[in-house]
Amino acid sequence: MNNPRQITTLRAAAVITSTIIGVGILSFPRYMTEAGNSSAPLVALCGVLFSFISYWLLASLCQRFPQETLFVFSRRLIGRPLAAIFTVVIMLLFIVLTGLTVRQFGDVATTVLYKKTPIEATIFLMLLISLLSSRRNVVKFSYIHFFYLPLITGSILVTILLSLKNVDMLNLQPVLMPPSFQFWKGARDATYLFQSSFVIVLLIPFMEKPGHAVRAGAWAIFLSGAIYVLIVIASVGIFGAEETKLLIYPTLEMARSAAFGEGFLERLDAIFIIIWVISVYTTIYTTYYISAYLLHKLLRFRDQRMASTILLPVVFILAMLPSNVFESYRWALHLGNAGMMLMFGYPLLLWTVYLLRRHRKKVTS
């Protein structure tokens with residue numbers, strides 16, 4: 001392509017939004033309620049704000065090097081060996097994240113949708129689709145996300161709005177409770193869903209306006225964050241805090257309570273689960289794409305096609321390692337902790353080195 005800068009701010013925001021909305025949407029209200037009871041919407045809101053701070057730290061740094069990805073300019077800031085170590089760690093993080101995400105998808109799919117289908121087949125098919133999609137370049141990658149975003153957000157918002165009429169406001173009281181350790185732990189857990197906004201580091205060198213990277217992330221994080229907060233409000237408002245804690249997938253139960261008209265659309269949960277499958281695909285597609293991109297850079301392949309093929313058996317084995325659904329969620333929480341430290345600590349390190357070098361340059365001149 002003659003002009004590499006073809007990704008608009010809106011399309012970058014679409015990539016981040018459709019990546020954030022994924023497999024965790026079904027059980028998200030349960031985790032927020034366990035952390036804050038009826039204050040669960042505030043726990044989720046704090047998680048959204050923390051996520052934006054972390055994203056701003058990363059995107060505002062990358063905006064200072066609009067021609068390069070993070071993995072290129074980090075070599076000049078902290079040296080090639082240390083930058084290579086961080087790149088390998090980030091790649092491993094996204095490979096494991098892809099494996100655990102597709103495993104969670106397989107657990108839900110074989111429980112709710114394909115009860116007679118082996119989980120191995122469900123996981124393998126999702127990975128195969130992600131592999132084939134990952135063979136495209138970054139611009140086509142952004143078009144695929146942009147195509148699916150209206151379907152994902154529109155359908156979920158309609159389902160939430162129809163569910164809100166069943167909300168009992170008494171279930172949402174008291175709205176504000178004294179923030180405890182559990183409250184802030186829940187807010188930290190909520191940020192795990194937003195870690196894939198890291199994809200912006202791949203998009204910036206292809207954006208028409210790299211200076212709008214923070215704006216694109218702000219639109220994406222606050223739109224997807226609003227959807228997550230509304231889902232928590234609807235779930236707690238309909239079922240109450242105590243009952244929400246007992247539901248494995250409270251968002252799916254919320255969709256089952258939604259209906260439109262008398263006998264016209266009474267099974268919105270069926271439509272919702274189809275949209276959920278698409279949203280999981282866009283999330284796995286992004287984490288798989290980041291993993292393949294980093295692997296092809298490390299092994300110096302011409303593009304990520306060979307790297308994406310090599311990754312398939314690795315990710316499949318990782319996905320099959322957890323023995324049950326509880327173990328996969330426990331592993332996902334541990335991975336989220338490690339990912340949060342890396343996604344916050346690494347940009348902070350690069351920012352510190354960048355500011356020190358700029359200060360030294362001013363003093364010298």
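Look above for the structure.
Counting restarts for each chain: residues are numbered from 1 in the order of the written sequence. Whole-chain, interface and lining totals are the exception, using all residues; otherwise, since this is a predicted model, local features are given only for residues with pLDDT of at least 70 and side-chain atom pairs are given and counted only at 80 or more. Just so you know, side-chain values use all the structure's heavy atoms and leave hydrogens and water out.

A.B. asks: If you had to explain the side chain of Ser27 to someone new, which residues and values would you point to?
C.D. replies: Where helices and strands are cited, they refer to DSSP runs of H or I of at least four residues and of E of at least two residues respectively, numbered from the N terminus. Among the secondary structure elements, Ser27 is positioned in the loop between helix 1 (9-20) and helix 2 (28-36). Those residues in contact with Ser27 that lie beyond four places of it in its chain are Ile248, Pro250 and Tyr329. Contact definition: two residues touch when any of their heavy atoms are within 4.5 Å.

A.B. asks: Tell me what's going on with the environment of Ala332, and back it up with residues and numbers.
C.D. replies: Relative to the elements of secondary structure, Ala332 occurs in helix 15 (residues 325-364). Residues Ala332 and Tyr192, spaced 140 residues apart in sequence, show a C-alpha to C-alpha distance of 9.0 Å. Each residue touching Ala332, except ones within four places of it in the same chain, is listed here: Leu100 and Gln104.

A.B. asks: Residues and numbers for the layout of surface pockets, please.
C.D. replies: Considering only enclosed or pocket space, the largest pocket measures out at about 480 Å³ in volume. Here the term cavity refers to a set of points on a 1 Å grid, laid over the protein atoms alone, in which a 1.4 Å probe fits but cannot get out; the term pocket refers to an open set having protein on both sides within 12 Å along at least five of seven lines, with lining residues being those that place an atom within 4 Å of a point. Lining the largest pocket are 20 residues; nearest its centre among them are Asn137, Val138, Phe206, Tyr289 and Gln304. Within the residue set of the lining of the largest pocket, elements represented by two or more residues are helix 7 (138-164) and helix 13 (268-299). It is helix 13 that provides the largest number of residues to the lining of the largest pocket, a total of four residues. Grid points are joined across faces, edges and corners, and a volume is the space filled by probe spheres set on the points.

A.B. asks: Please give an account of the packing of helix 5 (residues 80-113) against helix 15 that cites residues and values.
C.D. replies: To get an axis, a line is fitted to the C-alpha atoms, and for a helix only the part in contact is used. The angle between two axes follows their N-to-C directions and goes from 0 to 180 degrees. Contact pair helix 5 / helix 15: the axes reach a minimum separation of 10 Å and the direction vectors enclose 150°. Taken as axis vectors, helix 5 and helix 15 run roughly antiparallel relative to one another. Relative to helix 15, the crossing made by helix 5 is left-handed. Touching Ala83, Phe86, Val89, Ile90, Leu93, Phe94, Val96, Leu97, Leu100, Arg103, Gln104 and Asp107 of helix 5 are Val325, Ser328, Tyr329, Trp331, Ala332, Leu335, Gly339, Leu342, Met343, Tyr346 and Leu349, all from helix 15. What sets the label is the angle itself: under 35 degrees gives roughly parallel, over 145 gives roughly antiparallel, 65 to 115 gives roughly perpendicular, and the rest give oblique. Crossing chirality is assigned from the near helix's rotation relative to the far helix, an anticlockwise turn below a right angle marking it left-handed and a clockwise turn marking it right-handed.

A.B. asks: Could you give an account of the packing of aromatic side chains, naming the residues involved and the relevant values?
C.D. replies: Two rings belonging to Phe, Tyr or Trp (six-membered ring only in the last case) form a pair when the distance between their centres is within 6.5 Å. Interplanar angles under 30 degrees mark stacking, angles over 60 mark edge-to-face geometry, and anything in between is tilted. What the rule picks out here adds up to 21 aromatic pairs. Ring plane angle 55° and centroid distance 4.8 Å describe the contact between Phe28 and Tyr228, whose orientation is recorded as tilted. Taken together, the residues span a long stretch of sequence, with Phe28 in helix 2 and Tyr228 in helix 10 (residues 213-239) at a distance of 200 residues. Like Phe28, the residue Tyr228 is buried in the burial classification. Aromatic side chains Phe71 and Tyr293 sit 6.5 Å apart centroid to centroid with 45° between the ring planes, which places their arrangement in the tilted category. Remark: Tyr293 occurs in helix 13 and Phe71 occurs in helix 4 (residues 70-78); sequence separation between them is 222 residues. Partly exposed residues are those whose accessible area sits between 20% and 50% of the maximum for their type, while under 20% is buried and over 50% is exposed, using a 1.4 Å probe and protein chains only.

A.B. asks: Any details on the environment of Ala44? Residues and values, ideally.
C.D. replies: Within the secondary structure layout, Ala44 lies in helix 3 (residues 40-62). Look at Ala44 and you get buried, because its relative accessible area is 2%. In the structure, Ala44 is positioned 188 residues away from Val232 in sequence and 7.8 Å away in space, judged by C-alpha atoms. What Ala44 contacts, discounting residues up to four positions off in sequence, is Phe28, Met32, Val229 and Val232.

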